[in-house]
Every structure is written in structure tokens, then in C-alpha cells.
Amino acid sequence: MRSNIVVATILLALAGYVFLAASALPFGTLRVPQTAFFPKTLALLLAVLSLVLLAETLTGNETPRRSERIDTSGWFRIGATLVTMAGFALALEPLGYLVTTFLLMVLLLRAIEAQSWRKVIAIALATALISYAIFAWLLGVPLPVGVLGL
Amino acid sequence: MDLLTNIGLGFSVALTPINLLFCFLGTLVGTLVGVLPGLGPVGAVAFLLSLTFKMEPASAIIMLAGIYYGAMYGGSTTSILVNIPGETASVVTCLDGYQMARQGRAGAALGISAFGSFIAGTVGVIGLMFLAPLLGRAALSFGPPEYFALTLTGLTLVAYLTQGSMIKALIMATLGLLAGTVGMDPISGEERFAYGTLTLRDGFGLVPVAMGLFGVAEVIENLAYLGSQSVYETKIKGLLPNLQDWKDSAKPIARGSVLGFFLGILPGPGPVIASFVAYAMEKRLSPYPEKFGTGVIEGVAGPEAANNAATAGSFIPLLSLGIPTSAIMALFMGALMIHGIQPGPLFIAKYPELFWGFIASMYVGNAMLLVLNLPLIGMWVRVLKTPYVILCPLILLFCLIGVYSLNANVVEITIMLAFGIGGFILRRVGFEGAPFILALVLGPIMETSLRQSLLISRGNFGIFVTRPICAVLIALTVAFLVWPVIGRKKKRES
């Protein structure tokens, strides 16, 4: 119930924003529609649909699906995973594929479940090397070489 | 005679060693993806899409199709053995398949599901072979108004058929269409909503968005509820269904094949819907409906046949009209367009070796799957036991490399992560990703055809109701939108 109202409000704001942003572009006429025509139409449609969602929720017609609760450790795993992946994006080009992948695997494996370091390092090392062999040699994907020359 | 020549041409393409290899790889990866919970066929196809750039177009589409129908096979294995559907089209297989396994009849259930899938897959391919060229020829007379109406009907039908809230699906479709407007105007080439960034000038890439919504979002969701799954410990023996099983299953397989094929043609998650409808139909036709859910073989045979026939059917709108009808078909369209091939009415005439090679490869692939699935079931069960804590970092790594390898652009990784987080949050509040992806791909087609239609009609919207095919499609769209409202009113009154 509450989540639907929040989402509908955000969507309304988004529709308004798109409409305004599209106003900087030429609309044309109905006879000769131009660049802003389609986005503006969609923004109006989005606004209407959000209002319908809002109305359905407030009149109790729409029963929101209840998701299972996520506990603290669940949120921690999600957060740590996302931060690690964002780190991968930042580090990939400066550090190179092999080093970054090794670090990614170590951090992900540890973040998801506390496993023994020896196992984690072995899996991470194997993954980095095998995936490098598959992608760089077998499939010819150009993977970045970092400052270490790896 | 013509048909025979074409089929001959098809097999000459499909049976080259390299294409056999890619067909095998596709079905293998597909079965794997189907077996493993946590990565569906959409995510897998999105990931491998980036690796098909350097392949021949025929090899690329053969491999990607193998993943799609392979996943349908693999998904049922886990439904039967552990009561966990590997992907949504196998959800109903759990009902009776798992019960059969608990009664020690896992072998018969797996066997009939594999044979049923093989038969239905073949029926579907034959249907595709006959229907796609026919529809393609009819579509040659389609103009922009028909294409606009087609995309509109397609998106509405997807929303209508969604398992969740229709209004939410419509919102996701609208958001997808909006995301599709980012980048260059398809007619004038003017830049829209790119905010001066180079990456967005070409619009949102299909692969980063699909990997985010279907790869990253799914893994994150699984991470939230990381628990131990127990694999049903059972000796699998006697994979061949006995004579009685065959007698019971013959008709459900036949009905499921035909029903699945036609439901597959419709927009939306064809295989999922086909499996549910087939189950309901078998239950209604059965002399002992009360036994459904306790382990009757018809409850496995019908839906399994239907979802495989539907995968073949779902290729028809894409190959003959150039209109993808589901998230996965949108990715196939992407795969063809990367090679500069435009699917549509001219596709079969222009690229006969591609179309017929693809058809032939599906026959070959279906046979391969039978070999992969029956004797190797023990291996798939062991794969299923791979702890998720190891699997999940691997899936994420594949997502990261897959997106990066597209254009060697780190920004696209960021886009994938953003869509992953967004998709996860939206899923929690009941919004599904499939209408979004489909709309993202249909967006440019829809915009171009809408604007061209208005140019033709000089701004008169009447053009959409005065042309017969258009009028029918628009009427259908209105019906899909109004029907649920009427249905709800009736329910309240009674």
C-alpha cells in the first residue's frame, strides 16, 4: 500500500521531468511530428498510468504483493556485493583484468559467506586465470592490461 | 519440392562442424542455465550476446536459440527432482513431477518430460517452418500504421497476460518506451536526453539493461534469502517411461504441442502461459482431475510439451514481422541487428540459408538435448548441488565481463549496475522487468511508425481505424485494456 503510493509519486515526478526536459526539443505539429513528440506523449501516458495506480491503491482495488522481509545479513550481502561490483568498474582499467578479477572474487566470496581464506584465494585465483584464458585467448575479447602489465 | 530444397539447404548449414559445435554449446549452456536457479535464459542470452559479435550470424543465432530451448528442458529437471523450478516455464511441472519423484518415479517423470519436450519441440519447429514464411508474405503489405498497431497490441497483450498487476506492467512498458527514446531520434538523428555523454548518444544498450534487470537483479534477490536447498536424494532408475506411461501421456503431449505452439506466437511469456494453460486443460479433460497434484504423469507431459512447442512458436512474430514479443525475442533481434540483419517480412527471402539453417539446427538441437538430458541427469543433479556462494560470484563476474566486452566501456558496467539495483527494488514492489525490455526494443519501431503514419495521414489519427488490419489490432488493444476493468466490476457485483 505505502510502497505503491511512493512509487506512483516518484513516477509522476519523473513524468513531469521528462515533459519539461523534452520541451527543449522541437515538438513539430501533428502533421509533421518531431523529436519531442513521442517522449512528451509517453510522459503524459506515464502520468495517467501513475494516477490510475494511485487511485487503485487508495480505493483498495490494487493489492500489493508482499515481499518477504530481508534480514540484516541479507542487506549486508546485497550492499557488499554492489559496492564490490562498482569497485570492479573503477579498478578494471587501472589495475588490469587479472588483478581486478582476483580481488572481485576474493571480496565477493568473503562477503557472501565467511569461508576459509585458503579456499577463497584458491577459487579466486583459478577463476581469474581460467576466465582470462577463455575470454582473452579463446574468444578474443580485448581485456584491459593494468599498470602492473598483467 | 521447394520445401525439400529449403530443408536441404538448412541442414547443409546446420550440420557444418562449426555450427554443430555452437548448437551443442548452446543446448549445453541452456540446460545448465535451466538447471541452475538464479540465472534465467534471458540473462544467459544477454551475456552470450556480447560474445557472438565475431561469429557468423548463423552460428550466433543457432547458439542463442539452443540456450533458449535448452533452458526449457533443464528447468524441468530441477522442478521434478527438488521442487525448484529452474525457470518460470517449469513452475507447473513441480506440481506433479515432484510428487512423482517422491513416489520413486523420478525416472519416468524425467523421461516423459524429455521425450515430450522432444516431440513438442519438433512439432513446434514444423509449425514455425510452415507459418513463418506465410505470415512474412502477408506482412509485406504492412505499412507504418500496421506496424504501429502491432507494437501497441503486443505491449498491451504482454501487460494483459502478466501474472502481476496489469497497471504496473503498463507502467513498466511506458518506462521502457521512454528509455528507448534516449539517444538519437530515429528519424531526424537529433540527440535526446544524452546529457552530452558519449555512451548515451547511442541510447541504452540492450545488453547492459537486460543483464542488469535479469542477471544482477536476480542474483541480488537470491543473495537476500540465502538458504540451504536440499536436493531430493533419490536413486534415479528406469528413465524410460513404461507402456502405461506412454499411453497416458500420448494425448497430453499431442494436445500440449499444438496448444503451446499457438500460445507461443502471442506476445508475452509464451512458454510460461502455455505450460499453465496445458496443465489446466489436462486437468479438465482428465477422468480423474482430483488426482492432479499427487503425481499423475499427464500433469508433467502436457505442460512440458506445451512450453517447448511455445519456444518455437515465439520465433514466428520476430522472424516474419520483425516484432519481438518477449524479452528474450528482443535479445534475438539485437543479436541479428548486430550483424546488420533486419528481421521482418523480407528476412526469409533475403537470408534463406540463415532461416532454414536455424530451423534445421532446432531439429538437431532437440535431438542433442535428448542425449544431453537422459543419460546425463546424474551430472545435472550434481551441478545443482554447487553451493550458491560459489555460483553467485561467478554469475556476477560473467555479467561484468559480458557487458564490458561489448564496447570495452566501463560506463556500461555502471548502467548495468544501476538497472540491477533499480530492477531489484521495482521487483520488490511488484514491477516486472520483461515489459520494460520488450518496450525498450519496440520503442524506436513504434516511434518511427507512429510518426510516419501521421505524416502519411497529415496528422489524422483516423488512419489507425480506417485500415482493416489496423482497426482489428486497435480493437484488440482496447479490448485487452477494458476487459480487466469489466471483469472486476462483475466480480464486485456478484
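Residues numbered from 1 in each chain as written. Chains lettered and ligands numbered in written order. Predicted model: local features only at pLDDT ≥ 70, side-chain atom pairs only at ≥ 80, totals over all residues.

Observations regarding the overall build of chain B
(1) Moving on: Summing up its helical and strand segments, chain B has 23 helices and 2 strands in all.
(2) Moving on: Relative to a compact globule of 494 residues, whose C-alpha radius of gyration would be 23 Å, chain B shows 22 Å and is just as compact.
(3) Moving on: If you line up chain B on its principal axes, its C-alpha atoms span 70 × 60 × 50 Å.
(4) Moving on: Evaluated residue by residue, chain B yields a buried proportion of 60% over its 494 residues.
(5) Moving on: Sequence separation of at least 24 residues holds for 80% of the intrachain contacts in chain B that already meet a minimum separation of 6. (Helix = DSSP H or I, 4+ residues; strand = E, 2+ residues; numbered from the N terminus. Rg over C-alpha atoms; globule rule 2.2 N^0.38 Å. Buried ≥ 20, exposed ≤ 12 C-beta atoms within 10 Å, placed from the backbone. Contact = placed C-beta atoms within 7 Å.)

Focus: the interface of chain B and chain A
Quite often, the size of an interface is put as the accessible area lost when its parts meet.
(1) Moving on: The partner chain A presents 57 residues to the 49 residues of chain B that form the contact.
(2) Moving on: Those elements that place two or more of their residues in the side of chain B that touches chain A are helix 8 (166-181), helix 10 (206-224), helix 19 (388-407), helix 20 (410-428) and helix 21 (434-457) of chain B.
(3) Moving on: Considering each element in turn, the side of chain B that touches chain A owes the most residues, 11 residues, to helix 19 of chain B.
(4) Moving on: Tallied by class, residues from the side of chain B that touches chain A come to 31 nonpolar, 9 polar and 9 charged. (Nonpolar A, V, L, I, M, F, W, Y, C, P; charged D, E, K, R; others polar.)

Describing the domain arrangement of chain A
(1) Moving on: The domain architecture assigned to chain A consists of domain 1 (2-58) and domain 2 (72-138).
(2) Moving on: Just the C-alpha atoms count here: the centres of domain 1 of chain A and domain 2 of chain A sit 40 Å apart. (Domains from an automatic or database assignment.)

Observations concerning the nonpolar core
(1) Moving on: Membership of the largest hydrophobic core comes to 210 residues, with the highest contact counts inside it found for V45(B), L64(B), A210(B), L331(B) and I437(B).
(2) Moving on: Of the domains in this structure, domain 1 (2-58) and domain 2 (72-138) of chain A are the two that each give at least three residues to this core.
(3) Moving on: Contact partners of V45(B), with chain neighbours within four places excluded, come to L64(B), I67(B), Y68(B), I328(B) and L331(B). (Core = buried A, V, L, I, M, F, W, Y, C linked by C-beta atoms within 7 Å.)

Structural notes on the confidence of the model for chain A
(1) Moving on: Mean pLDDT over chain A: 86, with 93% of residues reaching 70 or higher.
(2) Moving on: Looking across chain A, the model is least confident in helix 5 (residues 117-138) of chain A, with a mean pLDDT of 88, and most confident in helix 2 (residues 37-58) of chain A, with 92. (pLDDT = per-residue confidence, 0-100.)

A short note on the packing of helix 2 (residues 17-35) of chain B against helix 4 (residues 57-82) of chain B
(1) Moving on: Interhelical geometry of helix 2 of chain B versus helix 4 of chain B gives an angle of 30° and a closest axis separation of 6 Å. Our pair here, helix 2 of chain B against helix 4 of chain B, has a crossing hand that is right-handed. (Axes fitted to C-alpha atoms, helices over the stretch in contact; angles between N-to-C directions. Left-handed = near helix turned anticlockwise from the far one by under 90°.)

Topic: unusual backbone geometry
Residue and element names in this part refer to chain B.
(1) Moving on: Even without a glycine there, the phi angle at A408 is positive, about 50°.
(2) Moving on: Its place among the elements puts A408 in the loop between helix 19 and helix 20.
(3) Moving on: A count of 13 C-beta atoms within 10 Å places A408 in the partly exposed class.
(4) Moving on: Not every positive phi belongs to a glycine, and R458 is a case in point at roughly 55°.
(5) Moving on: By the secondary structure assignment, R458 is in the loop between helix 21 and helix 22 (463-466).

Observations concerning the confidence of the model for chain B
Residues and elements named next belong to chain B.
(1) Moving on: Model confidence for chain B is summarised by a mean pLDDT of 84, while 96% of its residues fall at 70 or above.
(2) Moving on: Note that residues 228-232 has pLDDT below 50 and, in this model, 10 contacts with residues that lie over four places away or in other chains.
(3) Moving on: Both confidence scores are given for the complex: pTM 0.83, ipTM 0.91.

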